[in-house]
Amino acid sequence: MRKFKVAMISAPEERIPAYCIAKIREFADITCKRCGNPEELAAFAKGSDIIWMFGANVALKPEALDQLPTVKALFRSGSGMDALPLDYAKEHGLSTWNTPESISESVAEHAVSLLFSLARHIVQFHNQVHKGEWDSSGNQTHWHLTGRTLGLVGYGRIARSVEKMVSGFNMKVLHYDPYAAGSIPLDEMLPQCDFVSVHCPLTPETEKLINKERLALMKPNALLVNTSRGPVIDEAALAEAFRNNKLGGAALDVLCDEPPKADNPLLFEDKVILTPHAAAFSADFEKNFWECSVRKIEEICKSLEKAGK
């Protein structure tokens, strides 16, 4: 297999574990730099076959790729593909790759933790005790997990892990995903659910998928969890649902603006738990993230070799 050229555009080499760089250099040439704009990227990645990134990157724009005719593949470590110029890639025949397997269990654990925290009022009780209020009457606990219905919006690797994790609670689990077997229509699923957990990617089709009309379909005491991308939920409609007492609670690891603006009404809603886009992180994050990335780059190289590129 010939050595393809990889351009890592999100970080300098010292930011990446040395053992990963050494492993990649067994089968590919790699250079690393944090590129801050399209012009810088176009100059740095000249002659590259694969562009590798993690997180968001303002430099990876069509105008940069127009100047990189040798690029054949775009790879983002992690799950979200919305950071890649997917329309451009499709139009120009570039393959796109990610590593959802590196974070799927961690994100699923976080989603389940958020759901349980909502259902059992963990945050509210914690704050109550710290304020000197000791009320164990249980008047605030409106949810019981066992035997309830959980709806999954999206049914990929993370959602299936969530389903497995809650299996001990004998929940009925439904899912909506137009690309998965067993899917039911979203508007049919939502009214049946006590809990809804969102796991779909952000695409033009899923932006504001959970909107005012769909929030109105949910049970008035239903709980909503989102660990996917903020814009999948219409935040203004969600805030309105709380003002009108049309939803039991929400736990969000992602928002439309990150960090949120100071006047975001969800910051002041007692029924909302917010975490700072932290679902992917765990004690095993670094190891899983980098090792999965190395394996994926090798897979990309083998795929390009097989395709004669």
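Residues numbered from 1 in each chain as written. Predicted model: local features only at pLDDT ≥ 70, side-chain atom pairs only at ≥ 80, totals over all residues. Heavy atoms only, no water.

Q: Even after reading the chapter, I still don't get the packing of helix α5 (residues 104-119) against helix α7 (residues 157-165), so can you show me in this structure?
A: Taken N-terminus to C-terminus, the directions of α5 and α7 make an angle of 55°; their axes are 8 Å apart at the nearest point. Comparing their axes, α7 and α5 come out oblique. Crossing of α5 over α7 shows right-handed handedness. Facing Ser104, Glu105, Val107, Ala108, Glu109, Ala111 and Val112 of α5, the residues of α7 in contact are Arg157, Ile158, Ser161, Val162 and Met165. Residue composition of the contact of α5 with α7, grouped by class: seven nonpolar, two polar and three charged. (Axes fitted to C-alpha atoms, helices over the stretch in contact; angles between N-to-C directions. Helix = DSSP H or I, 4+ residues; strand = E, 2+ residues; numbered from the N terminus. Parallel < 35°, antiparallel > 145°, perpendicular 65-115°, else oblique. Left-handed = near helix turned anticlockwise from the far one by under 90°. Contact = heavy atoms within 4.5 Å. Nonpolar A, V, L, I, M, F, W, Y, C, P; charged D, E, K, R; others polar.)

Q: Teacher, can you tell me more about empty space enclosed by the protein here?
A: Rolling a probe over the atoms, with the probe sized like a water molecule, indicates the empty space that remains. This model, assessed by the stated rule, comprises two cavities of 30 Å³ or more. In this model, the largest cavity occupies a volume close to 40 Å³. Ala111, Val112, Leu115, Leu150, Val162, Val166, Ser197 and Val225 are the residues that line the largest cavity. The biggest single contributor to the lining of the largest cavity is α5, with three residues. Residue composition of the lining of the largest cavity, grouped by class: seven nonpolar, one polar and no charged. In this model, the second largest cavity occupies a volume close to 30 Å³. Every residue along the wall of the second largest cavity is listed here: Leu118, His121, Gln124, Trp143, Leu223, Gly248, Gly249 and Lys271. Classifying every residue of the lining of the second largest cavity by side-chain character gives three nonpolar, four polar and one charged. (1 Å grid on protein atoms, 1.4 Å probe; cavity = no way out; pocket = protein on both sides within 12 Å on 5 of 7 lines; lining within 4 Å. Points joined across faces, edges and corners; volume = space filled by probe spheres on them.)

Q: Before we go on, may I ask you to explain the sheet that holds strand β8 (residues 195-198) in this structure?
A: Two modes of strand pairing occur in sheets, parallel and antiparallel, and in both the strands are linked by backbone hydrogen bonds. Read across the open sheet, the six strands follow the order β7-β6-β8-β9-β10-β11; overall the sheet is parallel. Pairing within the sheet leaves two strands with one partner each, and these edge strands are β7 (172-176) and β11 (272-274). Direction aside, neighbouring strands of the sheet carry axes that sit 15° apart on average. In terms of strand pairing, strand β10 (residues 249-252) meets β11 through three bridges, oriented parallel. Each bridged residue has a counterpart across the sheet, and for Leu252 the counterpart in β11 is Leu274. (Pairing = 2+ DSSP bridges.)

Q: What's the story with the environment of Ile103 in this structure? I'm lost.
A: Here Ile103 lies in the loop between β5 (95-98) and α5. The exposure class of Ile103 is buried, given its relative accessible area of 9%. When the C-alpha atoms of Ile103 and Ile24 are compared, they prove to be 21 Å apart, with 79 residues separating the residues in sequence. Those residues within four positions of Ile103 in sequence are excluded, and the remaining contacts are Ser79, Ala280 and Phe285. (Buried < 20%, exposed > 50% of the residue type's maximum accessible area, 1.4 Å probe, protein only.)

Q: Help me understand the sheet that holds strand β2 (residues 28-32) in this model?
A: On the basis of which strands lie adjacent, the open sheet formed by five strands has the order β2-β1-β3-β4-β5 and parallel pairing. Strand pairing shows two members of the sheet lacking a second neighbour, β2 and β5, which therefore form its edges. With strand direction ignored, the average angle separating the axes of adjacent strands in the sheet is 20°. Two elements, strand β1 (residues 4-8) and strand β3 (residues 50-54), share three bridges in a ladder whose sense is parallel. Counterpart to Ala7 in the pairing with β3 is Ile51.

Q: Is there a simple way to think about unusual backbone geometry in this case?
A: Backbone phi values are negative for most residues with the exception of glycine, while trans is the configuration of most peptide bonds. For the bond from Glu258 to Pro259, the omega torsion is 0°, close enough to zero to count as cis. In this fold, Pro259 is placed in the loop between β10 and β11. Although it is not a glycine, Asn245 adopts a positive phi angle of roughly 55°. Note that Asn245 resides in the loop between α10 (235-243) and β10. Look at Asn245 and you get exposed, because its relative accessible area is 55%.

Q: How should the pairing of strand β9 (residues 223-226) be read in this particular structure?
A: A regular strand places its side chains on the two faces of the sheet in alternate fashion. Residues Leu223 and Val225 line one face of β9 and the alternating positions Leu224 and Asn226 line the opposite face, and both faces are buried. Strand direction decides the pairing type here: β8 and β9, joined by four bridges, are parallel. Paired with Val198 across the two strands is Asn226, which belongs to β9. Tracing the backbone out of β8, into helix α9 (residues 212-217) and back to the parallel element β9 gives a crossover that is right-handed. (Right-handed = clockwise from strand over helix to strand, strands pointing away.)

Q: Looking at this model, I keep getting lost on the pattern of salt bridges. Mind explaining?
A: Pairing of side chains with opposite charge becomes possible as their charged atoms draw close. All chains considered together, the criterion is met by 13 salt bridges. Residues Glu26 and Lys23 are paired through a salt bridge, measuring 3.3 Å at the closest nitrogen-oxygen approach. For the salt bridge of Lys287 with Glu291, the shortest nitrogen-to-oxygen distance reads 3.4 Å. Placement of the pair is Lys287 and Glu291 together in helix α11 (residues 285-306), with a separation of four residues, close to one helical turn. (Salt bridge = Lys/Arg side-chain N within 4 Å of Asp/Glu carboxyl O.)

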